[in-house]
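# Fold and contact review
If you want the building blocks of each chain, they are given just below.
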Amino acid sequence: MKVGVLTGGGDRPGLNAVIRAVVRAVHNANGTTIGLLEGWRGAIEGNYIDLSPENTDGIVDRGGTILGSSRTNPYKNSKDVDTLVDTFHRLGLNALIAIGGDDTLVVGSRLFAERTISTIGCPKTIDNDLSSTDQTFGFDTSINIVMEAVDRLRTTAESHRRIVVVETMGRHAGWIACYSGVATAADYILVPEIDVDLDRMCDVLKKRREAGKLYGIVVVSEGAKLSKDEGFVTQDAEVDDFGHVKLGGIGELVARVIEKRTGFETRCVTLGHLQRGGPPSAYDRVLGTRLGIHAARLAIHKDFGKMVALRGTNIVAVPLADAVGTMRKLDMGVLREAEEFFT
Ligand code: F6P
């Protein structure tokens, strides 16, 4: 059996743990694995490297992906889909394991349904917003990165009696902002799931100051929405292959509003891609490894058109077609718990 593996979309810590596990489990079943480079682009162009237990054994602790990644969408141009199918057969592949978020997995699902490519999906997104899995690897590392940054920002905020607004990733879902906000005792958390209430936020910050807390921390998700009359979230006009705009800038906007309405000196720190960099946490290494082993087992058993997923503490297989297209929004119960502190 010859298996191709690729990583598509944004990188995150834990991808290499998945790759290593796929390679090992396929090898143990007397198969071989190749790594298609830079997401679906490599699958179209046939760019790949040979993977072996030897050349992947030392990568579990490395961030990013040794295969490179891209947001290439073969369905943007139907000729690319034909080329991809030809490449799959030309390389003699029996299975294709696509590690990616919703965009990557939708492509995998369509290739399976429409072109009978033996696809298996492995879910991945830093935003933790895939509906068919309880958690995605990389999320744990990212909230720890935010936590470490806020712990450092707190001491400077306190010294200068400032408010610090920390902008996190989270395009459509507030998992990173909410979890890191709770972990760092943030005074207020803004997420995409609910309209931002700037008045309430400023009231909370003022009350805290009156109660003797001389600094404040606000965590805001990049995708949090301001009502139209409050201003606009900075977005690039250009969209990527999957139609997504580049977000960023809400933190600065919120900081300016706080300073104007409360009179408290305020700074903004946008953590951006720092949240996706560096070595994965132990949790993400283990989750990535488990998902990789189970994805390889699906390939070995020719159980295609499935995605591996974490349900509770078990790794299960779900139909790829059912796994894509629905977003997993932040659990409002967790936000309500966080709100106990917004007083
Ligand atoms: O993959 C999700 C994500 O990290 C979002 O949180 C963020 O908006 C986006 O990707 C950034 O994408 P890029 O790496 O292409 O700038």
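Here's a quick rundown of the structure. (Residues numbered from 1 in each chain as written. Predicted model: local features only at pLDDT ≥ 70, side-chain atom pairs only at ≥ 80, totals over all residues. Heavy atoms only, no water.)

## Let's talk about the overall build of the protein chain
Keep this limit in mind: Going along the chain from the N terminus, every DSSP run of H or I of four or more residues is numbered as a helix, and every run of E of two or more is numbered as a strand. Three labels apply to residues, based on accessible area from a 1.4 Å probe with only protein chains included: buried if under 20% of the type maximum, exposed if over 50%, partly exposed otherwise in between. By definition in these notes, contact holds between two residues if any of their heavy atoms fall within 4.5 Å. Each accessible area is a Shrake-Rupley estimate made with a 1.4 Å probe; only the visible protein chains count as cover when residues are assessed. In this tally Asp and Glu are treated as negative and Lys and Arg as positive; neither His nor the chain ends contributes. A charge is said to be at NZ when it belongs to Lys, at CZ for Arg, at CG for Asp and at CD for Glu.
From N to C terminus, the protein chain includes 12 helices and 13 strands. Taking the principal axes of its C-alpha atoms as reference, the protein chain extends roughly 70 × 35 × 30 Å. Looking at the protein chain as a whole, 54% of its 343 residues qualify as buried. Contacts in the protein chain between residues far apart in sequence, at least 24 positions, make up 75% of those at least 6 positions apart. Surface accessibility of the protein chain: about 14500 Å² in total, with carbon and sulfur atoms responsible for 49%. Both charge centroids of the protein chain, one from 41 positive and one from 45 negative side chains, sit 2 Å from each other.

## Focus on the side chain of Thr-119
Threshold: In protein, a polar contact means a hydrogen-donor-capable atom and an acceptor-capable atom, both N or O and within 3.5 Å, with residues adjacent in sequence counting only if both atoms are side-chain atoms; elsewhere, any N or O pair within 3.5 Å suffices.
Mapped onto the elements, Thr-119 comes out in strand β5 (residues 119-123). Its relative accessible area of 1% is what places Thr-119 among the buried residues. Within the structure, Thr-119 has its side chain in polar contact with the backbone oxygen of Gly-108 (distance 3.5 Å). For Thr-119, the residues in contact, after removing those within four places along its chain, are Leu-96, Gly-108, Leu-111, Phe-112, Phe-304, Gly-305, Lys-306 and Leu-320.

## Comments concerning the site of the ligand
Definition in use: Being near a molecule or strand, for a residue, means having at least one of its heavy atoms within 4 Å of it.
Around the ligand lies a shell formed by Arg-12, Arg-71, Ile-126, Asp-127, Met-169, Gly-170, Arg-171, Glu-222, His-273 and Arg-276. In the environment of the ligand, an oxygen atom lies 3.5 Å from a nitrogen or oxygen atom belonging to the backbone of Gly-170. One of the side-chain N or O atoms of His-273 is found 3.0 Å from an oxygen atom in the ligand. Protein chains bury 80% of the 400 Å² of accessible surface belonging to the ligand in isolation.

## Details of the environment of Arg-20
Following the sequence through the fold, Arg-20 ends up in helix α1 (residues 15-28). Among the residues examined, Arg-20 registers a relative accessible area of 25% and is labelled partly exposed. Counting along the chain gives 279 residues from Arg-20 to Ala-299, while the straight-line C-alpha distance between them is 15 Å. Excluding residues within four positions of it along the chain, Arg-20 makes contact with Thr-56, Asp-57, Ile-59 and Val-60. Reaching out from Arg-20, the side chain makes a polar contact with the side chain of Asp-57 at a distance of 3.3 Å.

## Comments concerning the pattern of salt bridges
Worth spelling out the cut-off: For salt bridges, the criterion is a side-chain nitrogen of Lys or Arg within 4 Å of an Asp or Glu carboxyl oxygen.
Under the defined criterion, the tally for this structure stands at 18 salt bridges. Of the charged contacts in the structure, one is a salt bridge between Lys-76 and Asp-241, with a shortest N-O distance of 3.4 Å. Of this pair, Lys-76 sits in the loop between α3 (53-56) and α4 (78-90) while Asp-241 sits in the loop between β9 (235-239) and β10 (245-247), and the two are 165 residues apart along the sequence. One salt-bridge network, held together by shared partners, links Arg-20, Arg-24 and Asp-57.

## So, the sheet that holds strand β2 (residues 32-36)
Formally: Strands are labelled as partners when DSSP assigns at least two bridges between them. Every axis in this analysis is a line fitted to C-alpha atoms, fitted for helices over the stretch in contact. Angles between the N-to-C directions lie between 0 and 180 degrees.
Strand order in the open sheet made by the seven strands is β3-β2-β1-β4-β5-β12-β13, with mixed pairing throughout. Of all the strands in the sheet, just β3 (48-51) and β13 (314-319) have a single pairing partner and so form its edges. Averaged over all adjacent pairs, the angle separating strand axes in this sheet is 25°, with direction ignored. When strand β4 (residues 95-100) meets β5, the two strands line up parallel, connected through five bridges. If you follow Ile-97 over to β5, its bridge partner there is Ile-120.

## Quick look at unusual backbone geometry
Within the chain, Asn-30 stands out as a residue other than glycine whose phi angle is a positive 65°. In this structure, Asn-30 sits in the loop between α1 and β2. What makes Asn-30 exposed here is its relative accessible area of 72%. Residues other than glycine seldom take positive phi values, yet Asn-128 does so here, at roughly 60°. By secondary structure assignment, the location of Asn-128 is in the loop between β5 and α6 (139-160).

## Section: the sheet that holds strand β8 (residues 216-221)
Taken in spatial order, the four strands line up as β7-β8-β6-β11 in an open sheet, and their pairing is parallel. Each having just a single partner strand, β7 (188-190) and β11 (266-270) make up the two edges of the open sheet. For this sheet, the mean inter-axis angle between neighbouring strands, taken without regard to orientation, is 20°. Where strand β6 (residues 163-168) lies against β8, six bridges are found, and the strand directions are parallel. The residue bridging Val-166 from the neighbouring strand is Val-219, located in β8. Sitting on the sheet, α6 touches β6, β8 and β11, and the angle it makes with β6 is about 165°.

## A few points about the layout of surface pockets
Heads up, the rule is: Cavity: a set of points on a 1 Å grid over the protein atoms alone where a 1.4 Å probe fits but cannot get out. Pocket: an open set with protein on both sides within 12 Å along at least five of seven lines, its lining residues, like those of a cavity, having an atom within 4 Å of a point. Grid points are joined across faces, edges and corners, and a volume is the space filled by probe spheres set on the points. Each residue gets one of three labels, nonpolar for Ala, Val, Leu, Ile, Met, Phe, Trp, Tyr, Cys and Pro, charged for Asp, Glu, Lys and Arg, and polar for the others, Gly among them.
In this structure, the largest pocket spans a volume of roughly 790 Å³. Lining the largest pocket are 37 residues, with Arg-71, Asp-127, Arg-171, His-244 and Arg-276 positioned closest to its centre. Of all the elements in the fold, those that place two or more residues in the lining of the largest pocket are α5 (102-115), β6, β9 and β10. Residues that form the lining of the largest pocket fall into these classes: seven nonpolar, 15 polar and 15 charged.

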